[in-house]
Structures are given as structure tokens and as C-alpha cells.
Amino acid sequence: GAGMIIQVMSPPSWEIAPEADGGCKIMMQPVSADAAGFGNADPSVPPDPNFIGPPSLIWGDADVLCSIDATQRTLTATVLASEREITANRDYQLTIFVKNP
């Protein structure tokens, strides 16, 4: 729900790509690794990415606040929407925009 946080650090010499307002963009969506549901997924095997999920699965600007630290290497994504939950033992697909050296 609202207030949950994910932090991502870019590799050395890479930077999180800032927007004109100094913030950043992130797209998040839960990913299930098997048809029966995420509870039956093998935790040692990453799920396939989901590039064709319905738009209702994608968490965007209205759902997640994206900010960057002064080094531009650490992204903090704060969930804004109370109906969006980060659940333990569930895989999430994050799309983050970076500057690659």
C-alpha cells in the first residue's frame, strides 16, 4: 500500500536518467511465474518478463513517486496508491531509465 518503498542503485558510472523536473520515471508491474499463481513458482528461477500485460497491471506516475539521490545513482520508488501492494515472495518487473556510459 501507500508508503512502501523500493530502492535501486545503478552500477558504477551509470546514472538514473533524470526528468526535466529532477525526478525520474519508473514502470512497475507484478509478474507471476506460473499459471497457477506466484505461490507455486520456483524461487530459484526468475520469471519471464511480461511485455504484453494489460495496462491495468502497470504501476505508473499516479501509483509510484520516483526520486533520485544527489549522486544520480540511487532511485527511490515510493508507492502512492493504497490499492498497490508490494507482496513478499512475488516477483516484480521494473523498467528504469538510465544513462549508460
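Residues numbered from 1 in each chain as written. Predicted model: local features only at pLDDT ≥ 70, side-chain atom pairs only at ≥ 80, totals over all residues. Heavy atoms only, no water.

Draft legend 1. Looking closely at the packing of aromatic side chains. Throughout the structure, instances matching the rule amount to 1 aromatic pair. Here the aromatic rings of Trp59 and Tyr92 are separated by 6.0 Å at their centres, their planes lie at 65°, and the arrangement is edge-to-face. Of this pair, Trp59 sits in the loop between strand S3 (26–31) and strand S4 (64–68) while Tyr92 sits in strand S6 (residues 91–96); the two residues are 33 residues apart in sequence, bridging distant segments of the chain. (Phe/Tyr/Trp six-rings, centres within 6.5 Å; stacked < 30°, edge-to-face > 60°. Helix = DSSP H or I, 4+ residues; strand = E, 2+ residues; numbered from the N terminus.)

Draft legend 2. Up close: the sheet that holds S4. The antiparallel open sheet is built from 3 strands, whose spatial order is S1-S5-S4. Because the sheet does not close on itself, it has two edges, and the strands there are strand S1 (5–9) and S4. Geometrically, the sheet is characterised by an average inter-axis angle of 20° between neighbouring strands, direction not taken into account. Pairing analysis gives 5 bridges linking S4 to strand S5 (residues 74–79), with the strands arranged antiparallel. Bridging across to S5, Ser67 finds its partner in Thr76. (Pairing = 2+ DSSP bridges. Axes fitted to C-alpha atoms, helices over the stretch in contact; angles between N-to-C directions.)

Draft legend 3. Spatial organisation of the environment of Pro101. Here Pro101 shows up in the segment after strand S7 (98–99). Sequence separation of Pro101 and Ser13 is 88 residues, and the distance between their C-alpha atoms is 6.6 Å. Sequence-distant contacts of Pro101, that is, excluding residues within four places in its chain, are made with Ser13 and Trp14. (Contact = heavy atoms within 4.5 Å.)

Draft legend 4. Looking closely at the nonpolar core. In terms of nonpolar packing, the biggest core is built from 13 residues, with Cys24, Ile26, Met28, Trp59, Val64 and Leu75 touching the most fellow members. Mapped by element, the contributors of at least two residues to this core are S3, S4 and S5. Those residues in contact with Val64 that lie beyond four places of it in its chain are Ile26, Met28, Trp59, Ala77, Thr78, Val79 and Leu80. (Core = buried A, V, L, I, M, F, W, Y, C linked by side-chain atoms within 4.5 Å. Buried < 20%, exposed > 50% of the residue type's maximum accessible area, 1.4 Å probe, protein only.)

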